[in-house]
Amino acid sequence: MTRTRTWLLAASTIILTTACATPEERMAKLQIKQQRLELKTQQLAQRNETRGKTQTSAVLDQRAPLENVVKALAACDATLGATIKQFAPDLTPIFPVTVKGEVAAIDVPDRKTPGRNTVQPTAAAKVYGLTLSGYYEESTEINGTLQKMAWGFVTPASPAQAAAVLGTVIPNFKRVSKEINGNYVRMEIFDRDGWHRTSRFDYYRAQPNLQGERTLVIEASRDPALPGSRIGCAVRGFQTEQFQGTLRPELG
């Protein structure tokens, strides 16, 4: 029997079986299909909702308060504000901290003005053996609309040294990051169902109407007053203003 004849016979059998089914059986099968479809729809909605939720629980699994803060920073979301709030009494002697409800922020004089968007520690600040020489915040607006925001710490160490140390602390950092011109980058792209890791850096950087790009980066410092490297997060895209409320609620 040829393959075509075999397929026709199988198809005929299915049609005949369906045709011979009683109305009650056909209705039962239709209900089962509908229930399966509804279940898949619910599962997809729950998965999307989970992806879209903002992480707000503090990091508590490191040895020192600043180590918990730096690990929280690596998430590039509201985890940072929750962790700063958790350890505010310990951080205040080192960096200026303002508590706002369930979150808190390290303060800089002016996020929008270069030279005033950094603050230096008033006491020794070390994490995992790395010295922290400052904290920075950046906010870039075009025509009154927030287009980019960035935040993080500065260390006198080189990007390679900082990446080697933090690569053992940040979950999966070595696996999901990429070295680009001496910088260490982990990029995520936002679409309708949340943030997704990607290695297509050049492709997405060229998109003018990008909804959102969230990047964890260890890069050379551009501030002559604070040489070394920056360990921080950067968010850009035409939805950056909306992202500020979920990723950095302490700035609201």
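Residues numbered from 1 in each chain as written. Predicted model: local features only at pLDDT ≥ 70, side-chain atom pairs only at ≥ 80, totals over all residues. Heavy atoms only, no water.

A. Layout of the environment of Pro-96. By the element assignment, Pro-96 lies in the loop between helix H5 (88-91) and strand S1 (97-100). Residues contacting Pro-96, with those up to four places away along its chain left out, are Ala-105, Ile-106, Asp-107 and Val-119. (Helix = DSSP H or I, 4+ residues; strand = E, 2+ residues; numbered from the N terminus. Contact = heavy atoms within 4.5 Å.)

B. Region of the structure containing helix H9 (residues 240-247). Among all positions of H9, only Thr-240, Phe-243, Gln-244 and Leu-247 are buried. For H9, the angular spread of the buried residues around the axis is 115 degrees, confining them to a single face. Opposite the packed face of H9, turned more than 90 degrees from it, sit the exposed residues Gln-242 and Gly-245. Buried residues belonging to H9 abut strand S7 (145-155), strand S9 (183-191), strand S10 (194-198), strand S11 (213-220) and strand S12 (229-236). (Buried < 20%, exposed > 50% of the residue type's maximum accessible area, 1.4 Å probe, protein only. Arc of directions from axis to C-beta.)

C. Seen up close, the layout of surface pockets. Its boundaries defined by the atoms lining it, the second largest pocket holds a volume of some 320 Å³. Within the lining of the second largest pocket, the residues separate by chemical class into 8 nonpolar, 3 polar and 9 charged. (1 Å grid on protein atoms, 1.4 Å probe; cavity = no way out; pocket = protein on both sides within 12 Å on 5 of 7 lines; lining within 4 Å. Points joined across faces, edges and corners; volume = space filled by probe spheres on them. Nonpolar A, V, L, I, M, F, W, Y, C, P; charged D, E, K, R; others polar.)

D. Region of interest: the nonpolar core. In terms of nonpolar packing, the biggest core is built from 45 residues, with Leu-66, Tyr-135, Trp-151 and Phe-153 touching the most fellow members. Contacts of Trp-151, omitting those with residues within four sequence positions, involve Leu-73, Cys-76, Leu-80, Tyr-135, Tyr-136, Glu-137, Ile-231, Gly-232, Cys-233, Val-235 and Arg-248. Formed by 7 residues, the second largest nonpolar core is a distinct cluster that contains Met-187, Tyr-204, Leu-210 and Val-217. (Core = buried A, V, L, I, M, F, W, Y, C linked by side-chain atoms within 4.5 Å.)

E. Up close: the state of the cysteines. One pass over the full model with this rule turns up 1 disulfide. In this model, Cys-76 is linked to Cys-233 through a disulfide, with the two sulfur atoms separated by 2.1 Å. On the S-S bond that ties Cys-76 to Cys-233, the torsion sits near -85 degrees, and the link is left-handed. Here Cys-76 is found in the loop between helix H3 (65-73) and helix H4 (79-86), whereas its partner Cys-233 is found in strand S12, with 157 residues between them in sequence. (Disulfide = S-S within 2.5 Å.)

F. Focus on the confidence of the model for the protein. Per-residue confidence for the protein gives a mean pLDDT of 85, with 83% of residues at or over 70. Every residue in residues 43-54 scores below 50 in pLDDT, and together they form 6 contacts with partners more than four places removed in sequence or on other chains. (pLDDT = per-residue confidence, 0-100.)

G. Quick peek at the pairing of strand S2 (residues 103-106). Residue alternation in S2 divides its side chains into two sets, Val-103 and Ala-105 and Ala-104 and Ile-106, and both sets are buried. With 4 bridges joining them, S1 and S2 adopt antiparallel strand pairing. The residue of S2 that forms the bridge with Thr-98 is Ala-105. In textbook terms, the turn of a hairpin is the stretch between consecutive antiparallel strands, and for S1 and S2 this stretch comprises 2 residues, one of which, Gly-101, has a positive phi near 65 degrees. (Pairing = 2+ DSSP bridges.)

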